[in-house]
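Each chain, letter by letter, is given below.
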Amino acid sequence: MSSPTDITALPKVELHLHIEGTLEPELIFELASRHGMELPYASLDDLRARYAFEDLQSFLDLYYANMAVLRTADDFARLTAAYLRRAAAGGVRHAEIFFDPQAHLVRGVPLAEVVEGLVEGAYAGTAETGTTSALIACFLRDRSSEEALEVLEQLVAMKAPIIGIGLDSAEVGHPASEFTDVYARAAELGLHRVAHAGEEAGPDYVWEALDLLGVQRVDHGVQSVRDHTLVQRLVVDRIPLTVCPLSNVRLRVFESLADHVLPQLLAAGVVTTINSDDPAYFGGYVDDNYAAVADQLGLDRADLARLAHHSVEASFLPQGRKVALDREIDAWLGEPAS
Ligand code: HPA
Ligand code: ZN
């Protein structure tokens, strides 16, 4: 069994991380104070007591409410640099970071503040740690596709350095089929395409993301195990899933880690990766997720190295960097556990 310190030394890529979900309670209080804002929480403990979620929506309500403290480019820069620092300490060599432009635009925060801050924080974080990153703009599936398309055009017009688009927020009742125009435009622009699907909703949502949006990765996708034909499709086309084990337990997708379908996905040959989703809310960063599945699902060092190799394969990094990271992972596996 690998020790947690050993897991932090395993080189890995994070592919499912909402930057707004790295907003730690301490930073919420600090930014509120800086902006002279009154928070609806009496204390840090009072805020933390609200982190017992029933489902995805109960989490999203708090996630969007807490974003109120993110107002300036400097706030976004602080958030991003802090995430990269923490991720690097957990062995993350590269992160493809989601952000939710609409969640800030609807609060009156200009897109330029958001993008400039994310870019500045990413630059500072990389300079400090060597961990690189890229940005993926996620559209909110519980808002209209017309609005998503408009925001995509704004991002293009301002030359925002995004590598792709994603789809997140409340899933059930908001299928991928509503967003075909947005994904067609992204393909035309040469952007990568990913989407959350099969987190709370069933395999049909994953089929739509594959067949109607042409996604290259599926975020979560854990409900795919309910459809053998779909699992075969993921295996044959090597469509990766960005699985977030601690998130799935906190949002009650599975009752416990012991009930998680990760072993089934790996056994079937799906390119499964481990990620943290919203680490400030779900009890751990990506290394904590690796440690939890190692412990609770009995994964050995070779399994962990395989998951890390999958994270490299599933990334949008250039081939040369992938080869270098794969070598680093093999070197980790060749060393005795600490
Ligand atoms: N699912 C959907 N939307 C989200 C999530 C998630 O896990 N995290 C942040 N927005
Ligand atoms: Zn997510």
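None of the values given here were measured: they were computed from a predicted structure.

### Quick word on the pattern of salt bridges
Counted according to the given criterion, the structure contains 19 salt bridges. For Arg-34, the salt bridge is made with Asp-75, and the minimal N-O distance between the two is 3.2 Å. Linking Arg-34 in helix α2 (residues 25–34) with Asp-75 in helix α5 (residues 73–89), this pair joins segments that are 41 residues apart in sequence. Looking at Arg-34, the relative accessible area reads 41%, which means it is partly exposed. With a relative accessible area of 0%, Asp-75 lands in the buried category. Here the salt bridges share partners, and the residues they tie into one network are Glu-26, Asp-45 and Arg-48.

### Describing the coordination of the zinc ion (ligand 2)
Every protein donor of the zinc ion (ligand 2) is accounted for by His-16 (NE2), His-18 (NE2), His-196 (NE2) and Asp-277 (OD), and the metal-donor separations fall at 2.0 to 2.2 Å. The sequence pattern formed by the donor residues of the zinc ion (ligand 2) is H-x1-H-x177-H-x80-D. The burial state of His-16 is the same as that of His-18; both residues are buried.

### Focus: α5
An ideal rise of 1.5 Å per residue puts 24 Å on 17 residues; α5 measures up with 25 Å between its terminal C-alpha atoms. Every buried residue of α5 is listed here: Ala-73, Asp-75, Phe-76, Ala-77, Leu-79, Thr-80, Ala-81, Tyr-83, Leu-84 and Ala-87. Just downstream of α5, Gly-91 is the residue with a positive phi angle, here 90°.

### Side note on the packing of α5 against helix α7 (residues 111–129)
Axes are the key here: two packed helices are described by the angle between their axes and the distance separating the axes. At a minimum axis separation of 7 Å, α5 and α7 run at an interaxial angle of 35°. Considering how the two elements wind past one another, α5 and α7 form a crossing that is right-handed. Only Glu-113, Val-114, Glu-116, Gly-117, Leu-118, Glu-120, Gly-121, Ala-122, Gly-125, Thr-126, Glu-128 and Thr-129 of α7 make contact with α5, whose side of the interface consists of Ala-73, Phe-76, Ala-77, Thr-80, Ala-81, Leu-84, Arg-85 and Ala-88. A breakdown of the residues in the contact of α5 with α7 according to their chemical character gives nine nonpolar, six polar and five charged.

### Topic: the packing of aromatic side chains
Applying the stated criterion across every chain yields a total of nine aromatic pairs. Ring centres of Phe-53 and Phe-59 lie 5.6 Å apart, and the angle between their planes is 80°; this geometry places the pair in the edge-to-face category. Across the pair, Phe-59 and Phe-53 agree in class, each one buried. Judged by centre distance (4.7 Å) and plane angle (55°), the rings of Phe-59 and Phe-282 are tilted.

### Here's the deal with the sheet that holds strand β8 (residues 272–274)
Pairing is parallel in the open sheet, where eight strands are placed in the order β1-β2-β3-β4-β5-β6-β7-β8. Strands with a single pairing partner mark the edges of an open sheet, and in this sheet they are β1 (12–18) and β8. Sheet twist, expressed as the average angle between the axes of neighbouring strands with direction ignored, equals 25°. Bridge count between strand β7 (residues 241–243) and β8: three bridges; the pairing is parallel. Residue pairing in the sheet places Val-243 in a bridge with Ile-274 of β8.

Thresholds applied
- Residues numbered from 1 in each chain as written.
- Chains lettered and ligands numbered in written order.
- Predicted model: local features only at pLDDT ≥ 70, side-chain atom pairs only at ≥ 80, totals over all residues.
- Heavy atoms only, no water.
- Salt bridge = Lys/Arg side-chain N within 4 Å of Asp/Glu carboxyl O.
- Helix = DSSP H or I, 4+ residues; strand = E, 2+ residues; numbered from the N terminus.
- Buried < 20%, exposed > 50% of the residue type's maximum accessible area, 1.4 Å probe, protein only.
- Donors = N, O, S within 2.8 Å, 3.2 Å for Na, K, Ca; no water.
- Expected span 1.5 Å × (residues − 1).
- Axes fitted to C-alpha atoms, helices over the stretch in contact; angles between N-to-C directions.
- Left-handed = near helix turned anticlockwise from the far one by under 90°.
- Contact = heavy atoms within 4.5 Å.
- Nonpolar A, V, L, I, M, F, W, Y, C, P; charged D, E, K, R; others polar.
- Phe/Tyr/Trp six-rings, centres within 6.5 Å; stacked < 30°, edge-to-face > 60°.
- Pairing = 2+ DSSP bridges.

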